[in-house]
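What follows is each chain in one-letter form.
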Amino acid sequence: MTTENVYTICGMCTVRCPMVAEVENSNIRFLRGNPNASGMKTSLCARGVAGKALINDNERIRHPMIRDGQRGEGKWRKVSWEEALDYTAEKLQKVVDQYGPRGVALSDRGGPFRDFHRAFLRGLGSPNYVNHDSSCARNVQHAAKSVSGAGRKEVAYDYRNAKHVILQMRNVFEAIGVQEVNDLTDAMNEGCRLTVIDIRANVSATKADRFFMVRPGTDYAFNLAVINELLTKDLYNKDFARKYIQDLEALKSFVKDYTPQWAEKETGVPAAQISSFVHQLAKDAPAVLWHPGWMMARYDTTFYLCRSIYIINALLGSYGAKGGLPFVNKPKDAGYSGLKKFMDLFEKPKEKRADGVGWRYTHFDEGPGLAHLLYEAMETGDPYPVKSYIAFRHDPLMAYPEPDRLRQIFDNLDLLVSVTFTWCDTAWYADVVLPLSPYLERDSVLAAKNAIQPYFFMRRRAVEPRFDTKACWEIFSGLARRLGINELAYDKIEDVWNFQLQGTGVSIEDFNETGMVKLTEGPVYKDRDNLKFGTKSGKFEIISQKLEDLGMPSLKPYESAQSPPEGSFRLTFGRCAQHTQGHTVNNPVLGELVPENVLWIHTDAAEKLHIENNETVNVSNNGYTEQIKAKVTDFIHPEAVFVLHGFGHKLPVESRAYGKGLADNKFMPGALKKWDPVGGAVALQENFVKVSKVK
Ligand SMILES: Nc1nc2c(c(=O)[nH]1)N[C@H]1C(S)=C(S)[C@@H](COP(=O)(O)OP(=O)(O)OC[C@H]3O[C@@H](n4cnc5c(=O)[nH]c(N)nc54)[C@H](O)[C@@H]3O)O[C@H]1N2
Ligand SMILES: Nc1nc2c(c(=O)[nH]1)N[C@H]1C(S)=C(S)[C@@H](COP(=O)(O)OP(=O)(O)OC[C@H]3O[C@@H](n4cnc5c(=O)[nH]c(N)nc54)[C@H](O)[C@@H]3O)O[C@H]1N2
Ligand code: SF4
Ligand SMILES: [Mo]
């Protein structure tokens, strides 16, 4: 019996760790991390390994389907790929004929494998590509751009060389990327300090040197006090500031009154603790990594929180520094031309975006737009009708608030297509379901990773598809061919890869040995004496002229976070190590590890409500109620309750997940219209719920 090592890329979450699949007789024997990638070692997280369970899962979508009954009724006709693609292409063509190409929208989950399907949408002529990010990291992205002129991924998070890591609204040890966890653990073993700022003691907090439990929604006050202390006590990096920071004086006068004593009243963290923390930061700088946040679609002013984090990193001189937030290298920096793009085969559509980004809202990134505003356009027909929607690797009915309203919005569509490898609410509501092969069964387009040591990487299928499913490029190639977009009509993945590799000097064979092609000899840190920021001034800008011109302040005065009304709690949420968003709850292995979510509630609050640990309770908001078990604990702020996101599945085809736990996104009335006007993301934690005993 021969065992083959297939170098590939995990697909169980958005991190996409390099991995090795040991394959024997077309079966996966073992999965491990690809040790050739920096920080991976041979580790994978539980979810990555549980990808194996997807292969024979008889509850995943095993063949294309076209809806027979009403939307959401669950009556399906099993069809061939020919029929499914013909049907989808015909309907798309009809929308194009009637409303123009702009009547077609597509959303996805972002990331490195997008070129082919984005090119498809461009080839069709539609500007309406959005991704999930308006429910995730848009505020971080826009904050990064407003200070540095470049996106959040222009800097790396250099855990391995950090002396002090600060996690605020960021839970590295449960919201996992394997390299990050390994690197931070190794650094901590060598003395790196960890500070956690959270509304509850998560797993990262249990490993921290300092843990600050802040009142929900007051992080910005905490950070303003940190800035005040850095500036008034002369603890900031003056060389860095002189060289690179624009408008420091404006910052000084802005934070004048935001002292640690002031912040104590807002956040609940004693002033002396804030002050001693800041002194420690100054000692550890510039090898300090204050993480600017990831899932920051929480409050309607989170943009300013993210911005304050970037400002702190700059004041510490850790922006651009080894052990802090060093600039990444792109293929170009390493002397390679980047991968050739399918997108570049087509002209950028001249049409305005339906979500208003780029013309109604000029301060937002046009690339992925803002999905919630696309949905609004689908609802109103303003600026024009959007009549078909392909949700690709995206489940907006779970990932956005107000699922019932979204369903009504989708009722305006002539065509709703879901491309997915598991069932999800959006697929269940769709007209056509195009089932994707899970990552171990599919090849993907090549991708490049911008990093301290940049590389190209390849996802190769480890085993043949078990059921009648296809890879993304095959699906979009099939649609492209039918719609006359011949530039994207491919039959073989090797031809796709060869197209991408043109001009790079790299060949497909170069990936054979390790699955990746590194573009530099080792890590390369940019020269700190010659950093170039992408802003107009070439510096790190405290005052953003673009925002000021639009009447939005660069430095926003703090407004006190609302406390919940008596008997109510702020609904907060997050991740656990064993699940990815909503799509792993029905996984046979992961569902067994964490079968349901529970409601974290503070001991004193529970006592007042006569609620015992493990008791099933009602959670309600605006007349809507679900039940869930209470976890009574001292380790959450009394103003908050907390649940894991992604539970409360109600699809009959998901027997293992059915009816377990509660769906947080159903407790956010009006929230599709609540968003951060400067950062762009939806504000999912501006909601209060009532908790009561079940009578
Ligand atoms: N209330 C609330 N809402 C949230 C969050 C929260 O914590 N609370 N979290 C937010 C965050 S951070 C994010 S990133 C979004 C995530 O939102 P989504 O991106 O919608 O979430 P997922 O569950 O990862 O994936 C959605 C669907 O894509 C399918 N899928 C997964 N991988 C692939 C793939 O490789 N290809 C294809 N075609 N399909 C795939 C899955 O089977 C699933 O059906 O949700 C956001 N929404
Ligand atoms: N295991 C696992 N790993 C994942 C994912 C997954 O689904 N599962 N998803 C990936 C994705 S798409 C993303 S975006 C990232 C998300 O990564 P993170 O943003 O780190 O993850 P979360 O768990 O959503 O939130 C982090 C912390 O914010 C805290 N929090 C909530 N409200 C407040 C507040 O007002 N103030 C402060 N200070 N803290 C608050 C929560 O208690 C939680 O501990 O994880 C990625 N990695
Ligand atoms: S963090 Fe886990 S699930 Fe995500 S890509 Fe890496 S191994 Fe896979
Ligand atoms: Mo996310």
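Residues numbered from 1 in each chain as written. Chains lettered and ligands numbered in written order. Predicted model: local features only at pLDDT ≥ 70, side-chain atom pairs only at ≥ 80, totals over all residues. Heavy atoms only, no water.

### A few points about the overall build of the chain
Across its full length, the chain holds 22 helices and 25 strands. Rg of the C-alpha trace for the chain: 25 Å, near the compact-globule value of 26 Å for 695 residues, within the 12% margin. Along the first, second and third principal axes, the C-alpha set of the chain runs to 70 × 70 × 60 Å. Considering only residue pairs separated by 6 or more positions, the chain has 72% of its internal contacts joining residues 24 or more positions apart. About 26,100 Å² of surface is accessible on the chain, with carbon and sulfur atoms providing 47% of the total. If you average the places of the 88 positive and of the 85 negative side-chain charges in the chain, the two averages end up 1 Å apart. (Helix = DSSP H or I, 4+ residues; strand = E, 2+ residues; numbered from the N terminus. Rg over C-alpha atoms; globule rule 2.2 N^0.38 Å. Contact = heavy atoms within 4.5 Å. Areas by Shrake-Rupley, 256 points an atom, 1.4 Å probe, with all protein chains shown as cover. Lys, Arg positive; Asp, Glu negative; His and termini not counted. Charge placed at Lys NZ, Arg CZ, Asp CG, Glu CD.)

### Focus: the site of ligand 3
Taken together, the neighbourhood of ligand 3 is formed by Cys10, Met12, Cys13, Arg16, Cys17, Leu44, Cys45, Arg47, Gly48, Ile176, Gly177 and Val178. Considering only residue class, the shell around ligand 3 consists of eight nonpolar, two polar and two charged. Counting contributing residues per domain, the shell around ligand 3 is built from domain 1 (3-56) and domain 3 (157-326 + 526-549), each supplying no fewer than three. (Near = heavy atom within 4 Å. Nonpolar A, V, L, I, M, F, W, Y, C, P; charged D, E, K, R; others polar. Domains from an automatic or database assignment.)

### Re the pattern of salt bridges
One pass over the full model with this rule turns up 44 salt bridges. Among the ionic pairs, Asp365 bridges to Lys145, the shortest N-O distance being 2.8 Å. Taken as a pair, Asp365 in the loop between α13 (302-315) and α14 (371-380) and Lys145 in helix α5 (residues 138-148) lie far apart in primary sequence, 220 residues in all. Under the relative-accessibility criterion, Lys145 is labelled partly exposed at 35%. (Salt bridge = Lys/Arg side-chain N within 4 Å of Asp/Glu carboxyl O. Buried < 20%, exposed > 50% of the residue type's maximum accessible area, 1.4 Å probe, protein only.)

### Overview of the site of ligand 2
In the neighbourhood of ligand 2, 31 residues make up the surrounding shell, with Asn171, Asp198, Asp219, Tyr299 and His579 lying closest. Gly217 places a polar main-chain atom, nitrogen or oxygen, 3.4 Å from an oxygen atom of ligand 2. Between ligand 2 and the protein, one listed contact pairs an oxygen atom with a backbone N or O atom of Arg575 at 2.8 Å. Looking at the shell around ligand 2, its residues break down into 13 nonpolar, nine polar and nine charged. Here the shell around ligand 2 spans two domains, and each of domain 3 (157-326 + 526-549) and domain 4 (568-693) adds at least three residues to it. (Polar contact = N/O pair within 3.5 Å; in protein donor to acceptor, adjacent residues only side chain to side chain.)

### Comments concerning the packing of helix α8 (residues 219-232) against helix α11 (residues 260-267)
Relative orientation of the contacting elements α8 and α11 amounts to 170°, with a least axis distance of 9 Å. With respect to their mutual orientation, α8 and α11 come out roughly antiparallel. Along the contact surface, α8 presents Ala221, Phe222, Leu224, Ala225, Asn228 and Glu229, while α11 presents Pro260, Trp262, Ala263, Glu266 and Thr267. Of the residues belonging to the contact of α8 with α11, the class tally is seven nonpolar, two polar and two charged. (Axes fitted to C-alpha atoms, helices over the stretch in contact; angles between N-to-C directions. Parallel < 35°, antiparallel > 145°, perpendicular 65-115°, else oblique.)

### Thoughts on the domain arrangement of the chain
What the domain assignment reports for the chain is domain 1 (3-56), domain 2 (65-136 + 335-518), domain 3 (157-326 + 526-549) and domain 4 (568-693). The partner domain 4 presents 28 residues to the 25 residues of domain 2 that form the contact. When domain 2 packs against domain 4, the two sides together hide about 2,100 Å² of surface, and 65% of this comes from carbon and sulfur. Considering only the side of domain 2, the residues that lose the most area to domain 4 are His372, Met398 and Pro401, jointly responsible for 28% of the buried surface there. Seen at the junction of domain 2 and domain 4, the total is one salt bridge. For the interface between domain 2 and domain 4, the tally reads ten residue pairs in polar contact (both at pLDDT 80 or more). (Buried area = accessible area lost by both parts, 1.4 Å probe.)

### Topic: the side chain of Glu24
Topologically, Glu24 is positioned in strand β2 (residues 18-24). The buried category is assigned to Glu24, whose relative accessible area is 16%. Only 2.9 Å separates the side chain of Glu24 from the side chain of Thr3, close enough to count as a polar contact.

### Quick look at the UniProt feature "domain: 4Fe-4S Mo/W bis-MGD-type" (unreviewed entry) in the chain
Within this structure's numbering, the places UniProt gives as "domain: 4Fe-4S Mo/W bis-MGD-type" (unreviewed entry) are residues 3-59. Regarding residues 3-59, the helix share stands at 16% and the strand share at 37%, and the terminal C-alpha atoms are separated by 29 Å. (UniProt positions renumbered as here; feature names shortened; annotations may be inferred.)

### Structural notes on the environment of Met516
For Met516, the location among the structural elements is in strand β18 (residues 516-518). Met516 sits in the buried class, given a relative accessible area of 4%. For the pair Met516 and Lys322, spaced 194 residues apart in the sequence, the C-alpha separation amounts to 24 Å. Setting aside residues up to four positions removed in sequence, Met516 forms contacts with Asn34, Asn36, Ala37, Tyr455, Phe456, Phe457, Asp510 and Phe511.

### Observations regarding the sheet that holds strand β10 (residues 210-213)
Sheet architecture is open: four strands sit in the order β10-β9-β8-β12, paired in parallel fashion. Every interior strand has two partners, whereas the edge strands, β10 and β12 (288-290), have only one. Averaged over all pairs of adjacent strands, the angle between their axes in this sheet comes to 10°, without regard to strand direction. Of the pairings in the sheet, the one linking strand β9 (residues 193-198) to β10 comprises four bridges and is parallel in character. By the bridge assignment, Val196 is partnered in β10 with Phe211. Along the sheet, α13 makes contact with β8 (164-168) and β12, crossing β12 at roughly 175°. (Pairing = 2+ DSSP bridges.)

### Side note on the packing of α8 against helix α12 (residues 271-284)
Interhelical geometry of α8 versus α12 gives an angle of 60° and a closest axis separation of 10 Å. In terms of axis orientation, α8 runs oblique to α12. Relative to α12, α8 is oriented so that their crossing is right-handed. On α12, the residues that touch Phe222, Ala225, Val226, Glu229 and Leu230 of α8 are Ile274, Ser275, Phe277, Val278, His279 and Leu281. Across the contact of α8 with α12, the residue classes tally to eight nonpolar, two polar and one charged. (Left-handed = near helix turned anticlockwise from the far one by under 90°.)

### Some details on the sheet that holds strand β6 (residues 104-108)
Strand order in the open sheet formed by seven strands is β5-β4-β15-β14-β13-β6-β7, and the pairing between neighbours is mixed. Two strands in the sheet have a free side with no partner beyond their single neighbour: β5 (76-78) and β7 (129-131). Put simply, the sheet's adjacent strands are angled 20° from each other on average, direction ignored. Direction of pairing for β6 relative to β7: parallel, over a ladder of three bridges. Bridge pairing links Asp108 to Asn131 in β7. In the packing of helix α3 (residues 81-99) onto the sheet, the strands contacted are β4 (65-67), β5, β6, β13 (388-392), β14 (415-420) and β15 (432-435), and the crossing angle to β15 comes to about 130°. Relative to β6, helix α4 (residues 115-124) is tilted by about 170°, and along the sheet it contacts β6, β7 and β13.

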